Amino acid sequence: MEWKRDRYTISTDRARLDREAIHGFLRNSYWAKEIPRTVVDRSIDNALCFGVYDGPTQVGFARVISDFATFAYLGDVFVLESHRGRGLSKWLMEVILGHPDLQGLRRWSLATRDAHGLYERFGFRRPSNPDRLMEIVNMDIYRQEP
Ligand SMILES: CC(C)(COP(=O)(O)OP(=O)(O)OC[C@H]1O[C@@H](n2cnc3c(N)ncnc32)[C@H](O)[C@@H]1OP(=O)(O)O)[C@@H](O)C(=O)NCCC(=O)NCCS
């Protein structure tokens, strides 16, 4: 699917993604530091991906991991620095939450260090019962010897 606004496009076409640029951003991000290219490729291949483009150039990204019935996890959201502050991430959130394959889900989930304000605009809330949530987290996984 494709959405257009001014000079920007959002597309779910996986073939159009600039995997080099996505890896370039993610391996320097606070949440996926040093993630290998092969892992990024697999994560793209198995998710619903949204690329944001300025003409032909990819300037933003997000992906949704979902069963398309009950649950979705939103991850790897970014807009390149030179395109920030123009409402692109808010538009991206609108597009993602309005996607026809992601309607009627019981739960959406995400993790963020400092962008709570962005997601709160779209209905995300801090867990009302955090004592019911459990997780396994290995933040250093990409920095460990295999
Ligand atoms: C977060 C990010 C995607 C925002 O992209 P953007 O296109 O510049 O955002 P927008 O222009 O659509 O505006 C975002 C809105 O959310 C708000 N916001 C809340 N927390 C924010 C944060 N941590 N960073 C940026 N904006 C934030 C902004 O103030 C803005 O609100 P406003 O319209 O009232 O001014 C971008 O700054 C980015 O890629 N950051 C680095 C990667 C990252 O942190 N990703 C999120 C991981 S959960």
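Criteria and cut-off values
Residues numbered from 1 in each chain as written. Predicted model: local features only at pLDDT ≥ 70, side-chain atom pairs only at ≥ 80, totals over all residues. Heavy atoms only, no water. Helix = DSSP H or I, 4+ residues; strand = E, 2+ residues; numbered from the N terminus. Rg over C-alpha atoms; globule rule 2.2 N^0.38 Å. Buried < 20%, exposed > 50% of the residue type's maximum accessible area, 1.4 Å probe, protein only. Contact = heavy atoms within 4.5 Å. Areas by Shrake-Rupley, 256 points an atom, 1.4 Å probe, with all protein chains shown as cover. Lys, Arg positive; Asp, Glu negative; His and termini not counted. Charge placed at Lys NZ, Arg CZ, Asp CG, Glu CD. Core = buried A, V, L, I, M, F, W, Y, C linked by side-chain atoms within 4.5 Å. Salt bridge = Lys/Arg side-chain N within 4 Å of Asp/Glu carboxyl O. Pairing = 2+ DSSP bridges.

All right, on to the overall build of the protein chain then. From N to C terminus, the protein chain includes 4 helices and 6 strands. Across the protein chain, helices and strands are ordered from the amino to the carboxyl terminus as β-β-α-α-β-β-β-α-β-α. Taking 146 residues into account, the globule formula puts the C-alpha radius of gyration at 15 Å, and the protein chain, at 15 Å, falls close to it. Summarising its shape, the C-alpha atoms of the protein chain cover approximately 45 × 40 × 30 Å along the three principal directions. The burial tally for the protein chain puts 36% of its 146 residues in the buried class. Excluding contacts between residues fewer than 6 apart, the proportion of contacts in the protein chain whose partners are at least 24 apart in sequence is 58%. Working note: accessible area of the protein chain is about 9,200 Å², and carbon and sulfur atoms make up 48% of it. Within the protein chain, the 20 negative side-chain charges are centred at a point lying 4 Å from the centre of the 22 positive side-chain charges.

Take the nonpolar core next. Of all hydrophobic cores here, the largest spans 23 residues; its most connected members are Phe50, Val64, Leu74 and Ile96. In contact with valine 64, not counting residues within four places along its chain, are Ala47, Leu48, Phe50, Ala72, Tyr73, Leu74, Ile96, Leu102 and Trp108. Counting 12 residues, the second largest nonpolar core, distinct from the first, contains Ile22, Leu26, Val40 and Tyr53.

Moving on, we come to the pattern of salt bridges. Counted according to the given criterion, the structure contains 11 salt bridges. Among the ionic contacts, a cluster of salt bridges with common partners joins Arg19, Glu20, Arg37, Asp41 and Asp45.

Here the focus is the pairing of strand E2 (residues 8–11). Where burial is concerned, the two faces of E2 agree: the one with Tyr8 and Ile10 and the one with Thr9 and Ser11 are both buried. In this structure, the hairpin formed by strand E1 (residues 2–5) and E2 is closed by a connection of 2 residues, where aspartate 6 is found at a positive phi of approximately 50 degrees. Bridge count between E2 and strand E3 (residues 48–54): 4 bridges; the pairing is antiparallel. Across the sheet, the residue bridging to serine 11 is glycine 51, located in E3.

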